[in-house]
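Structural features, examined
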Amino acid sequence: MRTLASSLLSLEFDRSSVTRVRHLVMVSAQEAGLKGVVLEDYVLAVHEAVTNAVRYGSPPRGIAMWRETGTLVCEITDQGPGIPDEVLEREEPATRFDFGGRGLWLMDRLADRVVRTGADGTVIRLSVRLPS
């Protein structure tokens, strides 16, 4: 369960703040103890989720990051129409000629991902083990 003391980041965002959000995620993940390739991979996974929320979701869009026992968790939310089942079930990325279609696939390779989606919006939760 998330507690106020373990909260690292919590804010709403829009298209104009994507770069700022990526920077805040980087700083928050570093403060939580991530570094090197694990840090870079996690920031990229979160950035993909934020970008998807801006591209396909509807306001309000939010991001929250916190520590749970031995884990860093980031949750990205939007109030869009949800992610179609065929996109969620795709096991391979889109072809190199498609525009987009790699975000969820990439998130799965860079972090542990849980998705709740439907007509009232989407929640993507990305987590990674913190170094001991």
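Preceding this paragraph is the structure being described.
My aim in this report is to walk through the structure given alongside it, one point at a time.

What counts and how
- Residues numbered from 1 in each chain as written.
- Predicted model: local features only at pLDDT ≥ 70, side-chain atom pairs only at ≥ 80, totals over all residues.
- Heavy atoms only, no water.
- Core = buried A, V, L, I, M, F, W, Y, C linked by side-chain atoms within 4.5 Å.
- Buried < 20%, exposed > 50% of the residue type's maximum accessible area, 1.4 Å probe, protein only.
- Helix = DSSP H or I, 4+ residues; strand = E, 2+ residues; numbered from the N terminus.
- Contact = heavy atoms within 4.5 Å.
- Salt bridge = Lys/Arg side-chain N within 4 Å of Asp/Glu carboxyl O.
- Pairing = 2+ DSSP bridges.
- Axes fitted to C-alpha atoms, helices over the stretch in contact; angles between N-to-C directions.
- 1 Å grid on protein atoms, 1.4 Å probe; cavity = no way out; pocket = protein on both sides within 12 Å on 5 of 7 lines; lining within 4 Å.
- Points joined across faces, edges and corners; volume = space filled by probe spheres on them.
- Nonpolar A, V, L, I, M, F, W, Y, C, P; charged D, E, K, R; others polar.
- Lys, Arg positive; Asp, Glu negative; His and termini not counted.
- Polar contact = N/O pair within 3.5 Å; in protein donor to acceptor, adjacent residues only side chain to side chain.

Quick notes on the nonpolar core
Nonpolar side chains in soluble globular proteins tend to be buried together. Residues Phe 13, Tyr 42, Val 46, Ile 63, Leu 72, Ile 76 and Leu 126 are the most contacted members of the largest nonpolar core, which totals 33 residues. The set of elements that each furnish at least two residues to this core consists of β1 (7-13), α1 (18-32), α2 (36-56), β2 (61-68), β3 (71-78), α4 (103-110) and β5 (121-129). The element best represented in this core is α2, accounting for nine residues. In this structure, Tyr 42 is in contact with Ala 29, Leu 34, Met 65, Leu 72, Val 73, Cys 74, Ala 111, Leu 126, Ser 127 and Val 128, ignoring residues within four places of it in sequence.

Re the pattern of salt bridges
By the definition in use, this model includes two salt bridges. Glu 75 is the partner of Arg 125 in a salt bridge, and the nearest nitrogen-oxygen pair spans 2.8 Å. With a gap of 50 residues between them, Arg 125 in strand β5 and Glu 75 in strand β3 connect regions that are remote in the sequence. Here Arg 113 ties to Asp 108 by a salt bridge, and the two come within 2.5 Å at their closest N and O atoms. Of the residues examined, Arg 113 reaches a relative accessible area of 22% and is grouped as partly exposed.

Regarding the sheet that holds β2
Spatial ordering of the open sheet is given by β1-β2-β3-β5-β4, a layout of five strands whose pairing is antiparallel. Strands at the two margins of the open sheet, each flanked by one partner only, are β1 and β4 (112-118). Going from strand to strand, the sheet's axes swing by 10° on average, the running direction of each strand aside. Direction of pairing for β4 relative to β5: antiparallel, over a ladder of seven bridges. Paired with Asp 112 across the bridge in β5 is Ser 127. The strands that α1 touches are β1, β2 and β3; relative to β1, the one it contacts most, it runs at about 170°.

Some thoughts on the layout of surface pockets
As a volume, the largest pocket reaches approximately 620 Å³. Residue assignment for the lining of the largest pocket shows that the elements contributing at least two residues are α2, β3, α3 (85-88), α4 and β5. The dominant element in the lining of the largest pocket, judged by the number of residues it contributes, is α2, at seven residues. Across the lining of the largest pocket, the residue classes tally to twelve nonpolar, ten polar and ten charged.

Details of the side chain of Asp 78
Along the chain, the position of Asp 78 falls in strand β3. Buried and unpaired, Asp 78 has no salt bridge, with Arg 61 as the nearest side chain of opposite charge at 6.3 Å. Polar side-chain contacts of Asp 78 include one of 2.7 Å to the backbone nitrogen of Gly 80. Beyond its immediate chain neighbours, meaning those up to four positions away, Asp 78 contacts Ala 53, Gly 57, Ser 58, Pro 60, Arg 61, Asp 120, Gly 121 and Thr 122.

Considerations on the environment of Lys 35
Assignment of secondary structure puts Lys 35 in the loop between α1 and α2. The class of Lys 35 is exposed, set by a relative accessible area of 65%.

This is a description of form; function is not addressed.
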